[in-house]
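Residues per chain, in single letters:
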Amino acid sequence: MNRLPLRVVTPEKIAWEGYVDSLTVPAWEGSLGILPGHAPLLAQLREGVARARSGDEERLLAISGGFVEVFDGKASLFAETAELAEEIDAERARQAAERAKKALKSPAADVSDEQAAAALRRAMVRLRVAELSRPRGARKEVRTS
Ligand code: ATP
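Residues numbered from 1 in each chain as written. Predicted model: local features only at pLDDT ≥ 70, side-chain atom pairs only at ≥ 80, totals over all residues. Heavy atoms only, no water.

A. Examining the nonpolar core more closely. By size, the foremost hydrophobic cluster in this structure holds 25 residues, and its most contacted members are Leu23 and Val68. Every element with two or more residues in this core is listed here: strand E1 (4-9), strand E2 (14-20), strand E3 (22-27), strand E4 (30-34), strand E5 (41-54), strand E6 (57-71), strand E7 (74-79) and strand E8 (82-84). Considering every element that reaches this core, the biggest residue donor is E5, with five residues. Leave out the neighbours within four places in its chain, and Leu23 touches Leu4, Leu6, Leu32, Gly33, Ile34, Arg51, Ala52, Val68 and Ala75. Ala93, Ala100, Met124 and Leu127 belong to the second largest nonpolar core, which has nine residues in total. (Core = buried A, V, L, I, M, F, W, Y, C linked by side-chain atoms within 4.5 Å. Buried < 20%, exposed > 50% of the residue type's maximum accessible area, 1.4 Å probe, protein only. Helix = DSSP H or I, 4+ residues; strand = E, 2+ residues; numbered from the N terminus. Contact = heavy atoms within 4.5 Å.)

What follows is the structure, given as structure tokens:
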């Protein structure tokens, strides 16, 4: 069966590479699904969850904005940060969310509202990915807005 070569790249590293049956990414216009053989594409991404499915396996990645490109039959996801579910430190994300909420409540000179809101969105996406990757039944709902 046809598979889509995928590379998830951040300024720090190749976060993941392999072949997938489908990829779903958080585009600005909404969730964007990409299958093998997709026409060339360039789309901007917001913070959110990317899902790379290979057979029965679904890999979840927390993405903090970037671009997805399909060219020459290959998909590349360029992200500012990207973490696989198993790499996420949920406690760190909880603390980041708390800090961001505090900064939004009592603005400080060193953190703009925009920065704090973006930090909160990153943290909530990380918590959502950590939660979604837990076994069913052990999940609790994490709201991202
Ligand atoms: P923090 O305040 O906890 O650093 P942040 O949102 O400011 O969070 P980023 O600037 O988005 O962090 O990311 C910096 C680096 O740390 C990136 O390599 C990112 O993948 C990693 N990272 C951030 N938060 C987490 C987390 N909760 N678990 C694992 N890696 C993380």
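Next comes the rest of the description.
B. Broad picture of the domain arrangement of the protein chain. Looking at the protein chain, the domain boundaries give domain 1 (4-85) and domain 2 (89-138). On a C-alpha basis, the centres of domain 1 and domain 2 stand 22 Å from each other. The partner domain 2 presents nine residues to the twelve residues of domain 1 that form the contact. At the boundary of domain 1 with domain 2, total buried surface from both sides reaches about 830 Å², with 69% on carbon and sulfur atoms. Between domain 1 and domain 2 we count two salt bridges in total. Note that Glu47 and Arg121 form a salt bridge whose closest N and O atoms lie 3.1 Å from each other. On inspection of domain 1 and its partner domain 2, the count reaches three residue pairs in polar contact (both at pLDDT 80 or more). When residues of the side of domain 1 that touches domain 2 are traced back to their parent elements, those giving at least two are E5 and E6. Tallying contributions element by element places E6 first for the side of domain 1 that touches domain 2, with five residues. (Domains from an automatic or database assignment. Buried area = accessible area lost by both parts, 1.4 Å probe. Salt bridge = Lys/Arg side-chain N within 4 Å of Asp/Glu carboxyl O. Polar contact = N/O pair within 3.5 Å; in protein donor to acceptor, adjacent residues only side chain to side chain.)

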